[in-house]
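Chains, contacts and geometry: an overview
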Amino acid sequence: MAAQDVLGQTARLASSSALLQVLFRVVTFGLNAFTLRYLSRELLGVVNVRLTLLYSTVGFLAREAFRRACLSGSAKRNWTKTINLLWLTVPLGVFWSLILGLVWLYLLEVPDPSVVPHYQAGVVAFGLSAIIELLGEPFWVLAQAHLFVRLKVIAESLSVVSKCILTVTLVILYPHWGLYIFSLAQLLYVSVLVACYVIYFVMFLGSPEATKKSFPVARVKALLPSFVEDETFVNWKEARLTWSFFKQSFLKQILTEGERYMMTFLNVLNFGDQGVYDIVNNLGSLVARFIFLPIEESFYVFFAKVLERGKTVKDQKQDDVAMAANVLELLLKFVLLIGLTITVFGYAYSQLALDIYGGSMLSSGTGPDLLRCYSLYVLFLAVNGVTECFTFALMCKEEVDRYNFVMLALSFIFLCISYFLTHWYGSVGFILANCFNMGIRIAHSTHYIYHYFRESTHRPLTGLLPSPALLLLYFISAVVTAFSEVLFCCDKGWMARLIHISMGALCLAATLVTMFCTETKLIHFVRSQFLSRYLKKGT
């Protein structure tokens, strides 16, 4: 597949995934706003922090390394051996689910049954759901490697909608069921997700469309583990790369979910405060989840396909190098401007957003400060996602192993800083520690990118330098909206709130106009790669 075709399909995958994440976040926020009126903060804290952490940890440790290794390089490979390797995620998931399930049941503080009933059933259900989801891992990797955009959108949309309908129904009818509600909803979610992938491939394999595309897997039976005579069960090069990524993924999980591990194992916040923190965290990560994450996942595939892992820039096809450098520069500029916009306007509108969303329970206390700090953290997330996506797609096994040592040291420093900052600043300390963590990771990735392109004429890191006029507009907007918040928000009535919102809208409009005038290359990239098919539909 030509590099330009890969870019087009990758951009479509990223934009579709972004729209899918919008659906996820909108539904999740609506669900949280609804359940806040029926269930306790403590119950939401246990579900959204502790049980979700169990589910994500099992899934991450069991599959993240396999995904990165099996999505590296060309889609043309010995898929029999790759599929055999992917099926190893299931026993690995069973192992982690059993070990971590015992930890969650017997080593951690058990919630008060009168406030959070059926905790044991919740632990079992969330651990089981992680294993069920791993049954669809070979199907997911095949779909991702061949850029099956529509399948991912439909599968995850149906699973999320099914989960939410069941949750709302049970919350209304049986609010006293406690964790039974979320356990059943979680099991339904993963079951629908896996069923969608399995049903699609059962119908797709052997069809005229699969034959036309020369799909590398011809029969459904080929998606099951199989031995080939006189050949190894797995591709040992992929297996060794998986092991390197596994060591890295273990450390990355600590860094990604560090604050949740601190809450879970060190009890630095009670379950009620954990619930509030998680709601604010979800609100703050809205843009990060529905824009940055799809871009990172999709363009990891793009860079891994266009450039060869482990080769220097001189040994690559120069046309592909030029395209990769151009895409990396524009992606950095794109996410940086989104991050700056969130940081600037998020500071002055955090309290108003929380008051509208959850009332005084969220807008009083530490809630607004949490969201303001998270607005800054979004900027770090934006840059780190793209720089690491390129770095991980290009690093060879030895470089990945070296980076693991860096991650090990960083993990220890991050946990220590989190512990002390939490004692000094409460839940805000978690976000400050995450900013530090992301800053160090950005420094490492940008250093790698700089050295990778040093012997070429391309300088993609210039994408981190917005135009001076745009930076000036951001500064003016920050000052104006900060004064507007002091004068009009948030206890002076709805008319004052509307004035505050209008001031922000005017500043945002001025910023966007300046952006369109000064960042023309970026605007063309977004229109041609991300919005092209939607613009065509509208004409």
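Residues numbered from 1 in each chain as written. Predicted model: local features only at pLDDT ≥ 70, side-chain atom pairs only at ≥ 80, totals over all residues. Heavy atoms only, no water.

Overview of the nonpolar core
If you look at the biggest cluster of nonpolar residues, it comprises 151 residues, and the most contacted ones within it are Phe 201 and Phe 303. Sorting elements by how many residues they give to this core places helix 14 (residues 318-358) first, with 19 residues. Leaving out residues up to four positions away in the same chain, Phe 201 has contacts with Phe 139, Leu 142, Ala 143, Phe 148, Leu 151, Phe 215, Val 220 and Leu 223. Counting residues in hydrophobic clusters, the runner-up holds 5 residues, among them Ala 348, Tyr 349, Leu 352 and Cys 490. (Core = buried A, V, L, I, M, F, W, Y, C linked by side-chain atoms within 4.5 Å. Buried < 20%, exposed > 50% of the residue type's maximum accessible area, 1.4 Å probe, protein only. Helix = DSSP H or I, 4+ residues; strand = E, 2+ residues; numbered from the N terminus. Contact = heavy atoms within 4.5 Å.)

Some details on the pattern of salt bridges
Side chains that carry opposite charge are capable of pairing whenever their charged atoms lie near each other. For the structure shown, the criterion picks out 10 salt bridges. Between Glu 133 and Arg 63 there is a salt bridge whose closest N-O contact spans 3.1 Å. Of this pair, Glu 133 sits in helix 5 (residues 119-134) while Arg 63 sits in helix 2 (residues 41-70), placing them 70 residues apart in sequence. Put simply, Arg 67 and Glu 137 hold a salt bridge, and the shortest N to O gap is 2.6 Å. (Salt bridge = Lys/Arg side-chain N within 4 Å of Asp/Glu carboxyl O.)

A short note on a nonpolar patch on the surface
There is a patch of nonpolar side chains on the surface, built from Phe 265, Leu 266, Tyr 419, Phe 420, Trp 424, Tyr 425 and Leu 432 and spanning about 760 Å² of accessible area. Of all elements in the fold, only helix 11 (258-266) and helix 17 (397-425) reach the threshold of two or more residues within the nonpolar patch. Sort the elements by how many residues they give to the nonpolar patch and helix 17 lands first, with 4 residues. Its location among the elements puts Phe 265 in helix 11. (Patch = residues over 30% accessible without salt bridge, like charges linked within 9 Å, V, L, I, M, F, W, Y side chains within 5 Å. Areas by Shrake-Rupley, 256 points an atom, 1.4 Å probe, with all protein chains shown as cover.)

Focus: unusual backbone geometry
With phi around 65 degrees, His 118 is a residue other than glycine that occupies positive phi space. By the secondary structure assignment, His 118 is in the loop between helix 4 (89-106) and helix 5.

Considering the confidence of the model for the chain
Here the chain averages 82 in pLDDT, while 89% of its residues score no lower than 70. Across the chain, helix 5 holds the top mean pLDDT of 96, while helix 22 (residues 532-538) sits lowest at 45. Overall, residues 533-539 carries pLDDT values under 50, and its contacts beyond four positions in sequence, including any with other chains, amount to 7 contacts. (pLDDT = per-residue confidence, 0-100.)

Examining the packing of aromatic side chains
Here the structure, examined in full by the defined rule, presents 21 aromatic pairs. The interplanar angle of 15 degrees and the centroid separation of 5.6 Å between the aromatic rings of Trp 243 and Phe 246 together place this pair among those described as stacked. Of this pair, Trp 243 and Phe 246 both sit in helix 10 (residues 236-256), 3 residues apart, which is roughly one turn of that helix. With 5.6 Å between their ring centres and 55 degrees between their planes, Phe 392 and Tyr 403 make a pair best called tilted. You can see Phe 392 sitting in helix 16 (residues 367-394) and its partner Tyr 403 sitting in helix 17, a full 11 residues away along the chain. Taken together through their ring pairs, the aromatic side chains of Phe 299, Phe 302, Phe 303, Phe 390, Tyr 448, Tyr 452 and Phe 453 make up a single cluster. Directly above the ring of Trp 494 sits Arg 497, whose terminal nitrogen or CZ lies 4.6 Å from the centroid. (Phe/Tyr/Trp six-rings, centres within 6.5 Å; stacked < 30°, edge-to-face > 60°. Lys NZ or Arg CZ within 6 Å of the ring centre and 35° of its normal.)

Examining the packing of helix 16 against helix 18 (residues 428-452)
Axis angle and axis distance: for two packed helices, these are the angle between their axes and the distance between the axes, and together they describe the pair. With their axes 8 Å apart at the nearest point, helix 16 and helix 18 run at an angle of 25 degrees to one another. Judged by the inter-axis angle, helix 16 sits roughly parallel to helix 18. The hand of the helix 16/helix 18 crossing is left-handed. A per-class count over the contact of helix 16 with helix 18 returns 18 nonpolar, 7 polar and 3 charged. (Axes fitted to C-alpha atoms, helices over the stretch in contact; angles between N-to-C directions. Parallel < 35°, antiparallel > 145°, perpendicular 65-115°, else oblique. Left-handed = near helix turned anticlockwise from the far one by under 90°. Nonpolar A, V, L, I, M, F, W, Y, C, P; charged D, E, K, R; others polar.)

Section: the environment of Ala 155
Tracing the backbone shows Ala 155 in helix 7 (residues 149-173). Taking the relative accessible area as the measure of exposure, Ala 155 reaches 1% and is therefore buried. Distance in space between the C-alpha atoms of Ala 155 and Ala 195 is 8.4 Å, their sequence separation being 40 residues. Aside from chain neighbours lying at most four places away, what touches Ala 155 is Leu 193, Cys 196 and Tyr 197.

Looking at the side chain of Gln 186
Looking at the secondary structure, you find Gln 186 in helix 8 (residues 179-204). Look at Gln 186 and you get buried, because its relative accessible area is 4%. Not counting residues up to four positions away in its chain, the partners in contact with Gln 186 are Tyr 55, Phe 126, Ser 129 and Lys 163.

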